[in-house]
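# Notes for the structure review
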Amino acid sequence: MGKTILCACEDVTLSEVRRAFARGHRDLESVKRYTGFGTGPCQGKSCLAAVVQELLRLGATPAEINPFTPRPPAQPVDFGTLAGIDPDTLPLDEGVPVPPTPRPPVPASSGPVPERASVVIVGGGILGLSLAHQLALRGVTDVLVLERSYLNAGASGRNGGGVRAQWSTPTMVRLGLRSLQLFRSFAGETGVNVWFRRGGYLFLAPDGAQVERLERNHAVQRQQGMRTRIVSPDEACTIVPELDRSRFVAASWNPDDGVVFPWPFLWGYAAAAQARGVTVRTFTPVSGIEVSGGLVRSVLTPHGRVRCDTLVNACGAWSPEVARLAGVALPNRPTRHEILVSGPLKPWLGPLVSNLGNGLYFSQSQRGEIVGGMGDPTEPAGISHGSTLRFLSRFSRAITELVPGTAGVPVMRQWAGNYDVTPDNNPILGPAGPANFFQLSGFVGHGFMMAPAVTEIVADALTGRARDEILDRFSLDRFERGPAVREDFIIG
Ligand SMILES: Cc1cc2nc3c(=O)[nH]c(=O)nc-3n(C[C@H](O)[C@H](O)[C@H](O)COP(=O)(O)OP(=O)(O)OC[C@H]3O[C@@H](n4cnc5c(N)ncnc54)[C@H](O)[C@@H]3O)c2cc1C
């Protein structure tokens, strides 16, 4: 009976759904992520009803089975067909509208909210949860993480999983290298498989200006001891033989970068922090912040007020709206970034490949799918999780130009998240406004790979152990101190 298949596309059984529920994944979105049901070609059309029925039987509330939004393509369509559609004929604002917040009715909080906590972290993305974990490792366990939705609802559950140290400044290289080290040891330390794969990153330069950019970065990276090399198109094609070598003139190759599967990191950090005494509450939004005498005194939630000594704003693209609750203005602007996944292929692609000319990037997941995205310079600012045909067509044109062999590969699913963009593409760290209101936001398209290293530094600062220079470099008042140094190696 437990072996009954509920999701035929992804081989998800009844007992897997039951196990997910027993482990606290009660709402439909979380069960989908934990089991993989509904992520195959039919996108839940044939299994949704059966999973919902089982969750209700297990005790889920109607609010917890709020169905997820189906997105195009309604059935798999190959890159070649999609590349035949002219993106400029498609409206910019077209897209499946998906509300950024849980649709009412909203599931109940995952547990009671305490009256006080030493540190309250708003936002249960990678930054908030890894900070909770780092604080717990330092013996600070009176920590409460408040997440408005399910874990993985924000950008941390919607990204490409690329983790690299190929950056353009010594600071970013240092942070990237440290994060890679921590990513590598994560599974061993937490017992959670995150499918870390060290396949390298291959950046392709289509013209002389991009080659100069790679060479400048290369010099910085070599000084930091990295193995990065500038390689010719011929050598790049020994790494990825399917590339059309006429599309680029040089490439930058670091074999030590990699790709991870993002979702288990959040569950792993949450579980590790909770095992040490941290409290994590999902479906618990912060709706107000009480300030007096220049300090945050408490946060308000629908389930009560929580007094705190320190408040951390780790809300990613929503950080400005949470900062505003305490009268703090952040310059961050959310911007939608779309991404897709293909049907599974035999292993053919080692590294994550990125074309600096048009922002295309893609890698192959452990399940064999191509996972890739591409920024759209015409994308207006604002929170949006909508999916567009325009993106499918732009991406398909770019990938079939660079890798002609992908023309027949079917696109399985697409989705979107939001980059949390700052004026200089660097994060905002440290107190702003009330002295105990700590900002941990503005990670643009690289917050996942920066989170382990940055939260280690932030945890050291919050516990008075050490103060890293990035806390001054990336403080909010840098924008008043003069022109900030812009990070220019943003992908997508
Ligand atoms: C499509 C895409 C691809 C990307 N690719 C990569 C990549 O390859 N590598 C990489 O390193 N980075 C990548 N990124 C960027 C990366 O995902 C983000 O920088 C990172 O996940 C940000 O983490 P976060 O914790 O700051 O924010 P989030 O993960 O967005 O978490 C913020 C959380 O705050 C919650 N929240 C909001 N308001 C409230 C409130 N009032 N009360 C309580 N909770 C609230 C939200 O529900 C959300 O869960 C990508 C991003 C996107 C969108």
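This text follows the structure it describes.
The structure reproduced in this document is the subject of the present report. Predicted, not measured: the structure shown is a model, and the values here were computed from it.

### Remarks on the overall build of the chain
Helix and strand counts for the chain stand at 14 helices and 21 strands. Compactness check: the chain gives a C-alpha radius of gyration of 22 Å against a globular reference of 23 Å for 492 residues, within 12% of the reference. Viewed in the frame of its principal axes, the chain has a C-alpha envelope of about 60 × 60 × 45 Å. Evaluated residue by residue, the chain yields a buried proportion of 58% over its 492 residues. Residue pairs in contact within the chain that sit at least 24 positions apart in sequence constitute 76% of those at least 6 positions apart. Looking at the chain as shown, the accessible area adds up to about 19,200 Å², and 53% of this sits on carbon and sulfur atoms. Averaging the positions of the 48 positive and the 44 negative side-chain charges in the chain gives two centres separated by 5 Å.

### Some words on the pairing of strand E20 (residues 428-431)
Both E20 and strand E21 (residues 437-441) contribute to a ladder of 4 bridges, which runs antiparallel. Within E21, the position partnered with Gly 430 by the bridge is Gln 439. Between E20 and E21, which pair antiparallel in sequence order, lie 5 residues; one of them, Gly 433, sits at a positive phi of approximately 75 degrees.

### Points about the site of the ligand
As a matter of local geometry, the ligand sits amid 37 residues, with Glu 147, Ser 156, Gly 162, Gly 447 and Met 449 nearest to it. Within the backbone of Ile 126, one N or O atom sits 3.3 Å away from an oxygen atom of the ligand. A distance of 2.7 Å is found between an oxygen atom of the ligand and a backbone nitrogen or oxygen belonging to Met 449. When the free accessible area of the ligand is taken as 1,000 Å², the share hidden by the protein chains comes to 97%. The set of elements that each furnish at least two residues to the shell around the ligand consists of helix H5 (126-137), strand E15 (333-344), strand E19 (410-421) and helix H12 (447-462). Considered class by class, the residues forming the shell around the ligand number 18 nonpolar, 16 polar and 3 charged.

### Points about the nonpolar core
In this structure, Ile 121, Phe 265 and Leu 440 are the most contacted members of the largest nonpolar core, which totals 69 residues. For this core, the element with the highest residue contribution is H12, accounting for 9 residues. Sequence-distant contacts of Leu 440, that is, excluding residues within four places in its chain, are made with Leu 127, Leu 131, Val 312, Asn 313, Ala 314, Ile 428, Leu 429, Val 454, Thr 455 and Val 458. Among the nonpolar cores identified, the runner-up in size contains 29 residues, and Cys 237, Trp 253, Ile 370 and Ala 398 belong to it.

### Topic: H5
Given a rise of 1.5 Å per residue, 12 residues ought to cover 16 Å, and the 16 Å separating the end C-alpha atoms of H5 matches this to within 8%. Of all 12 residues in H5, 11 are buried; the element is thus mostly enclosed. All of the buried residues along H5 are Ile 126, Leu 127, Gly 128, Leu 129, Ser 130, Leu 131, Ala 132, His 133, Gln 134, Leu 135 and Ala 136. At the C-terminal side of H5, Gly 139 shows a positive phi close to 90 degrees.

### Topic: the pattern of salt bridges
All chains considered together, the criterion is met by 28 salt bridges. Among the salt bridges present, the one from Arg 229 reaches Glu 235, with a minimum N-O distance of 2.5 Å. Taking the relative accessible area as the measure of exposure, Arg 229 reaches 35% and is therefore partly exposed. Assessed through its relative accessible area of 28%, Glu 235 is described here as partly exposed. As a salt-bridge pair, Glu 401 and Arg 247 come within 3.9 Å of each other at their nearest N and O atoms. Taken together, the residues span a long stretch of sequence, with Glu 401 in helix H11 (residues 389-402) and Arg 247 in the loop between helix H8 (233-239) and strand E9 (250-254) at a distance of 154 residues. We classify Arg 247 as partly exposed; its relative accessible area is 39%. Among the charged side chains, a salt-bridge network with shared partners connects Arg 174, Asp 468, Glu 469 and Arg 473.

### Let's talk about the sheet that holds E15
Taken together, 9 strands build an open sheet; the order of strands is E3-E19-E15-E18-E17-E16-E7-E9-E8 and the sheet is mixed. The open sheet has two free edges, formed respectively by strand E3 (77-78) and strand E8 (229-231), since each of these has just one partner strand. Across 4 bridges, E15 lies against strand E18 (residues 369-373) in antiparallel orientation. Looking at the pairing, Ile 339 lines up with Gly 373 of E18. Relative to strand E17 (residues 360-364), H11 is tilted by about 75 degrees, and along the sheet it contacts strand E7 (201-205), E15, strand E16 (352-355), E17, E18 and E19.

### Thoughts on the environment of Val 240
Among the secondary structure elements, Val 240 is positioned in the loop between H8 and E9. According to the relative accessible area criterion, Val 240 is buried, its value standing at 1%. For the pair Val 240 and Pro 404, spaced 164 residues apart in sequence, the C-alpha to C-alpha distance is 13 Å.

Rules of the game
- The residue numbering used here restarts from 1 in each chain and proceeds along that chain's sequence as written.
- Totals for whole chains, interfaces and linings use every residue, but because this is a predicted model, local features are given only for residues with pLDDT of at least 70 and side-chain atom pairs only at 80 or more, for both listing and counting.
- Hydrogens and water are ignored here; the side-chain numbers use all heavy atoms of the structure.
- Helix numbers and strand numbers start at the N terminus; a helix is a DSSP run of H or I with at least 4 residues, a strand a run of E with at least 2.
- Radius of gyration: over C-alpha atoms. The globule rule applied is 2.2 Å multiplied by the number of residues raised to the 0.38 power.
- Under the scheme applied here, a residue whose accessible area is under 20% of the maximum for its type counts as buried, over 50% as exposed, and between as partly exposed, the area being computed with a 1.4 Å probe on protein chains only.
- Contacts are assigned to residue pairs that have any heavy atoms within 4.5 Å of one another.
- Per-residue and other accessible areas follow the Shrake-Rupley method at a 1.4 Å probe size, with only the shown protein chains counted as cover for residues.
- Only four residue types enter the tally: Lys and Arg on the positive side, Asp and Glu on the negative side; His and the chain ends are excluded.
- Where a charge sits is defined by one atom per residue type, namely NZ (Lys), CZ (Arg), CG (Asp) or CD (Glu).
- DSSP calls a pair of strands paired once it identifies at least 2 bridges connecting them.
- When we say a residue is near a molecule or strand, we mean one of its heavy atoms is within 4 Å of it.
- Definition of a polar contact: a pair of N or O atoms within 3.5 Å, with one able to donate and the other able to accept a hydrogen when the atoms are protein atoms, and with sequence-neighbouring residues admitted only if both atoms are side-chain atoms.
- We call Asp, Glu, Lys and Arg charged. Ala, Val, Leu, Ile, Met, Phe, Trp, Tyr, Cys and Pro are nonpolar, and the rest, Gly among them, are polar.
- We call a set of buried residues a nonpolar core when its members are Ala, Val, Leu, Ile, Met, Phe, Trp, Tyr or Cys and they connect through side-chain atoms within 4.5 Å of each other.
- By definition here, a helix of n residues has an expected span of 1.5 Å times n minus one.
- Every case where a carboxyl oxygen of Asp or Glu lies within 4 Å of a side-chain nitrogen of Lys or Arg is listed as a salt bridge.
- Axes here refer to lines fitted to C-alpha atoms; in helices the fit is confined to the stretch in contact. Angles between the N-to-C directions go from 0 to 180 degrees.

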